[in-house]
Amino acid sequence: MTAAAFPDRSTMTTTRIHPSSDTTRPPLLPHRSGGSASSSPAAAAALRFTVWKRSSMGFQGTDGFSVYDAAGALAFRLDNYSRRPKLFAGELLLMDSQGAPLLALRPQIFSMHDQWNCYKPSEESQGKRTISHQLFSMRKCSVLQKGHEAEVSMSGCSTASGHTGQGPSFLVEGCFRRRNCKIRDSAGEEVARIMRKKAETASDSLTLGDDVFSLVVEPNVDCAMIMAFVVILDRICWNPYTPMICSL
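Criteria and cut-off values
Residues numbered from 1 in each chain as written. Predicted model: local features only at pLDDT ≥ 70, side-chain atom pairs only at ≥ 80, totals over all residues. Heavy atoms only, no water. Helix = DSSP H or I, 4+ residues; strand = E, 2+ residues; numbered from the N terminus. Buried < 20%, exposed > 50% of the residue type's maximum accessible area, 1.4 Å probe, protein only. Contact = heavy atoms within 4.5 Å. Areas by Shrake-Rupley, 256 points an atom, 1.4 Å probe, with all protein chains shown as cover. Pairing = 2+ DSSP bridges. Expected span 1.5 Å × (residues − 1). Polar contact = N/O pair within 3.5 Å; in protein donor to acceptor, adjacent residues only side chain to side chain.

Asks: Would you mind going over the overall build of the chain with me for this structure?
Replies: Broken down by element type, the chain carries two helices and 14 strands. Taking all 248 residues of the chain together, the buried fraction comes to 43%. Considering only contacts in the chain between residues 6 or more positions apart, those separated by 24 or more positions represent 47%. Of the roughly 12,800 Å² of accessible surface on the chain, 54% is carried by carbon and sulfur atoms.

Asks: Help me understand the environment of His148, please; the structure alone is not making it clear to me.
Replies: Relative to the assigned elements, His148 resides in strand S8 (residues 148–154). Put simply, His148 and Cys181 are 33 residues apart on the chain and 9.2 Å apart in space, counted from C-alpha to C-alpha. Ignoring sequence-local partners within four residues, the contact set of His148 consists of Cys141, Leu171, Val172 and Glu173.

Asks: What am I meant to see in the pairing of strand S2 (residues 63–68) here?
Replies: Both faces of the sheet carry side chains from a regular strand, because those side chains alternate between them. Counting buried residues in S2 gives six out of six residues, a clear majority hidden from the surface. Neither face of S2 is exposed, since Asp63, Phe65 and Val67 on one face and Gly64, Ser66 and Tyr68 on the opposite face are all buried. As defined by bridge partners, strand S1 (residues 47–52) adjoins S2 across three bridges and the pair is classed as antiparallel. In the sheet register, Val51 faces S2, and the bridge partner there is Val67.

Asks: How do you make sense of helix H2 (residues 223–236) when you look at a structure like this?
Replies: Since the α-helix turns once every 3.6 residues, residues separated by three or four places project in the same direction. Taking 1.5 Å as the rise per residue, H2 with 14 residues should run 20 Å; its terminal C-alpha atoms sit 20 Å apart, in good agreement. The element H2 is extensively covered by neighbouring structure, given that 14 of its 14 residues are classed as buried. The residue sitting at the N-terminus of H2 and contributing the capping side-chain oxygen is Asp222; that oxygen lies 3.0 Å from the backbone nitrogen of Ala224.

Asks: Got a minute to help me understand the side chain of Lys197 in this structure?
Replies: Assignment of secondary structure puts Lys197 in the loop between strand S11 (190–196) and strand S12 (198–200). Once residues within four sequence positions are removed from consideration, Lys197 is found in contact with Thr50, Leu206, Thr207, Leu208, Val212, Phe213 and Ser214.

Asks: It is not clear to me how the environment of Met112 should be interpreted in this structure. Could you clarify?
Replies: Mapped onto the fold, Met112 is located in the loop between strand S5 (101–107) and strand S6 (116–119). Given a relative accessible area of 82%, Met112 falls into the exposed group.

Taken by themselves, the reported measurements are silent on function.
So, in structure tokens, the structure goes:
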């Protein structure tokens, strides 16, 4: 892995994830909107991110995420300094490039399917998250659901126990550990894709290690929500984690 694959933090500038003149971040979108949005050339292009499994704080040996947009600017970050058992995991905060909290992620302690819940990161609800603050829940799929790794139920679509009555809002198919999976909505449309990242050299291309991968988000899909899915997938598709600067 060469230094050229990532931007120099000393020259890195921040950028907005949602290309809009509106300074208010849009709400989570359970589905892509149709017709009129896709007809706009500016809205047609998917957004591409490079996800680096390393804390943006830059300390070697820390576990977290740094997410860069196509221009090389820091887009999202998650700083977590230990990978403790679920009972002691506590809350994870997905933040924007400047450290402002976007989404709060918590494991559901008593869950047969390793469920995590996502909440609004408001200060008044911190420490006492309730179902009224919940935005979505994500859990492992049953072993009977071959080819599907995890499912997501948006708020109002799941019971307190995590079981859905109308089916999941999103399904993750493929293998996250291999960095080869797709996220589909309830209609079966692809809303995001996770894949191995290649680094182009003068004479060849190299496939990078699991700690660096690509995330492609389709138009009109909330990027913060998809990144929250990625963080939870990293927890429920658990592998023993050895912090590294980067690997090939």
